[in-house]
Amino acid sequence: NNSHKKNRNEQNNIIAMADLKVFASPERYVQGRNATEQLGAEMQKLNMKGPVVVVSTATPRRLLEEKWAKCLPESGYEFSFLAFSGSCTADESDKIAAEAKRTGAKTLVAFGGGQVIDAVRAASVIAECEVVSCPTIASTDAPCSTLSVMYHNDRSFDEYRFSHRHPTLVLVDTAIVAQAPQRMLVGGLGDALATFFEARTIREAQATNFLNGMPTETSYALGKLCHEILIEDGAAAVQSVDAKAVTPALERVVEANTLLSGLGFESGGLCVAHSVHNGLTSQPICAQYTHGEKVAFGLLTQLVLEGRPKDEIETILKFCFSVGLPITLKGVGVDAADAKAINTIATRALAPGESSHKEPFEVTVPMMEDAIRAADHMGVLFEQGKAC
């Protein structure tokens with residue numbers, strides 16, 4: 001009986017929240033060259049507690065372990081290290097939580113890409129720890145949110161999990177981001193590119209955001225600013241990474257990919273672009289493509305599905321092509337002639353609870369299949385230099 005009452009109360013809270021505008025964010029965001037050197041001091045400003053477990057992939061550890069060993073003890077933090085396996089699965093988040101409990105950790109610090117940050121966030125709920133997100137690649141908008149995208153061991157999409165609070169601190173060392181492979185930044189551009197367009201649809205549909213509330217004008221404005229920075233500085237930022245150089249354009253794009261897109265997607269809402277991404281994960285061959293690469297094709301599908309103006313679609317095609325984002329099914333490993341694969345992708349993109357159901361009209365599997373095919377055809381024509 002008590003559990004039934006709790007479920008009813010949670011349902012009532014969600015209904016009540018849907019009548020309110022809701023915006024949320026991390027407590028503190030810090031970005032700049034060599035920001036890692038200030039990690040301990042920044043944690044101290046927020047009165048974060050130790051012990052600390054640093055969870056990281058191999059490259060950030062190789063580049064930054066000496067800085068952790070210096071700055072964390074200097075600020076009074078005892079820390080230990082745990083290697084990340086590479087995938088955000090339930091098993092991996094359980095492993096991180098178990099290590100946190102074993103060491104008595106009060107804070108988990110994640111260094112790496114979106115998957116390690118999401119796994120640490122999911123683990124923090126189990127272990128009741130605060131979180132510091134330290135993205136070393138600007139490849140997704142994961143660092144600033146409460147959302148963890150969970151995958152099965154075969155890398156297909158599993159579920160969304162939500163933590164009770166945002167990361168206490170997000171710290172981005174742009175000197176490290178500039179050393180990352182160009183493809184990682186380009187993937188972040190694809191993920192962030194969808195932010196404004198998905199938020200616009202949520203606004204038009206008067207639908208709820210990821211916080212179970214109505215989106216604010218602030219979240220919409222952040223999404224719009226994110227889009228403007230990407231279009232203006234995206235190509236220059238890619239060139240900066242090619243040169244392994246921290247430039248003003250790179251700083252602006254890292255902020256757009258990480259902060260503006262992170263706040264914009266969660267408080268603004270997701271729609272078809274991300275549901276198509278989830279559909280694409282049903283194809284094993286798509287595992288070799290980044291989150292943002294799949295989202296970019298999902299965005300083109302969304303714009304076609306919504307019947308957006310040709311000029312708008314052409315702007316997105318031009319941008320994606322200029323920075324190296326895929327604009328065809330082939331670009332994400334899918335054979336455009338494989339009707340079964342397209343049906344599977346469309347069906348998964350319309351699974352119960354998917355963000356595609358936020359559209360202001362009912363979306364069916366045949367509609368989604370047609371939008372995928374039409375988006376692919378536009379991309380093929382564009383690559384051939386023909387009018388779309």
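Since the model is a prediction, treat every value here as computed from it, not as a measurement.

**A few points about the layout of surface pockets**
For step 1, the next point in the chain: In this structure, the second largest pocket occupies an estimated 380 Å³ of space.
For step 2, the next point in the chain: What lines the second largest pocket is a set of 19 residues, and nearest its centre among them are Phe162, Asn209, Phe210, Leu211 and Asn212.

**Regarding unusual backbone geometry**
The bulk of non-glycine residues show a negative phi, and the bulk of peptide bonds are trans.
For step 1, the next point in the chain: Cis geometry marks the peptide bond from glycine 50 to proline 51, where omega comes out at 0°.
For step 2, the next point in the chain: The topology assignment puts proline 51 in the loop between helix 2 (39-45) and strand 2 (52-56).
For step 3, the next point in the chain: With phi around 55°, glutamate 128 is a residue other than glycine that occupies positive phi space.
For step 4, the next point in the chain: Mapping glutamate 128 onto the fold places it in the loop between helix 5 (114-127) and strand 5 (130-135).
For step 5, the next point in the chain: Look at glutamate 128 and you get exposed, because its relative accessible area is 71%.
For step 6, the next point in the chain: One non-glycine residue with positive phi stands out, namely asparagine 212, at about 60°.
For step 7, the next point in the chain: You can see asparagine 212 is positioned in the loop between helix 7 (182-205) and helix 8 (217-242).

**Concerning the side chain of serine 275**
For step 1, the next point in the chain: Along the chain, serine 275 turns up in helix 10 (residues 272-280).
For step 2, the next point in the chain: Within the local environment of serine 275, its side chain forms a polar contact with the backbone oxygen of valine 272, the two atoms lying 2.9 Å apart.
For step 3, the next point in the chain: Once residues lying within four places of it in the same chain are set aside, the contact partners of serine 275 are Ala349, Glu354, Ser355, Ser356 and Met368.

**As for the packing of helix 7 against helix 9 (residues 248-268)**
For step 1, the next point in the chain: In the contact formed by helix 7 and helix 9, the axes pass within 9 Å of each other and the chain directions differ by 40°. Taken together, helix 7 and helix 9 sit at an angle that is classed as oblique. Taken as a pair, helix 7 and helix 9 cross one another with a handedness that is left-handed. Between helix 7 and helix 9, the residues in contact are Leu185, Gly188, Leu189, Asp191, Ala192, Thr195, Ala199 and Ile202 and Leu250, Val253, Ala256, Asn257, Ser261, Gly264, Phe265 and Gly268, respectively.
For step 2, the next point in the chain: Residue composition of the contact of helix 7 with helix 9, by class: nine nonpolar, six polar and one charged.

**A look at the pattern of salt bridges**
For step 1, the next point in the chain: Taken as a whole and assessed by the stated rule, the structure comprises 19 salt bridges.
For step 2, the next point in the chain: A salt bridge links aspartate 118 to arginine 121; its shortest N-O distance comes to 2.6 Å. Highlighted residues: aspartate 118 and arginine 121, both in helix 5, separated by three residues, approximately one helical turn.
For step 3, the next point in the chain: Judged by relative accessible area, aspartate 118 falls into the buried class, the value being 6%.
For step 4, the next point in the chain: Residue arginine 121 is classed as buried on the basis of its relative accessible area, which comes to 1%.
For step 5, the next point in the chain: Note that glutamate 293 is salt-bridged to arginine 183, the shortest N-O span being 2.8 Å. Of this pair, glutamate 293 sits in helix 11 (residues 291-305) while arginine 183 sits in helix 7, placing them 110 residues apart in sequence.
For step 6, the next point in the chain: Three or more residues joined by partner-sharing salt bridges are found here, namely Glu27, Glu130 and Arg165.

**Let's talk about helix 11**
For step 1, the next point in the chain: Here helix 11 spans 21 Å end to end across 15 residues, near enough to the 21 Å set by a 1.5 Å rise per residue.
For step 2, the next point in the chain: Where burial is concerned, most of helix 11 is hidden: 15 out of the 15 residues are buried.
For step 3, the next point in the chain: Where helix 11 ends, the next residue or the one after it, glycine 307, has phi of about 70°, a positive value.

**A short note on the side chain of threonine 216**
For step 1, the next point in the chain: Mapped onto the elements, threonine 216 comes out in the loop between helix 7 and helix 8.
For step 2, the next point in the chain: The residues contacting threonine 216, other than those within four sequence positions of it, are Lys21, Val22, Phe23 and Ser267.

Reading the values: rules and limits
- Residues numbered from 1 in each chain as written.
- Predicted model: local features only at pLDDT ≥ 70, side-chain atom pairs only at ≥ 80, totals over all residues.
- Heavy atoms only, no water.
- 1 Å grid on protein atoms, 1.4 Å probe; cavity = no way out; pocket = protein on both sides within 12 Å on 5 of 7 lines; lining within 4 Å.
- Points joined across faces, edges and corners; volume = space filled by probe spheres on them.
- Helix = DSSP H or I, 4+ residues; strand = E, 2+ residues; numbered from the N terminus.
- Buried < 20%, exposed > 50% of the residue type's maximum accessible area, 1.4 Å probe, protein only.
- Polar contact = N/O pair within 3.5 Å; in protein donor to acceptor, adjacent residues only side chain to side chain.
- Contact = heavy atoms within 4.5 Å.
- Axes fitted to C-alpha atoms, helices over the stretch in contact; angles between N-to-C directions.
- Parallel < 35°, antiparallel > 145°, perpendicular 65-115°, else oblique.
- Left-handed = near helix turned anticlockwise from the far one by under 90°.
- Nonpolar A, V, L, I, M, F, W, Y, C, P; charged D, E, K, R; others polar.
- Salt bridge = Lys/Arg side-chain N within 4 Å of Asp/Glu carboxyl O.
- Expected span 1.5 Å × (residues − 1).

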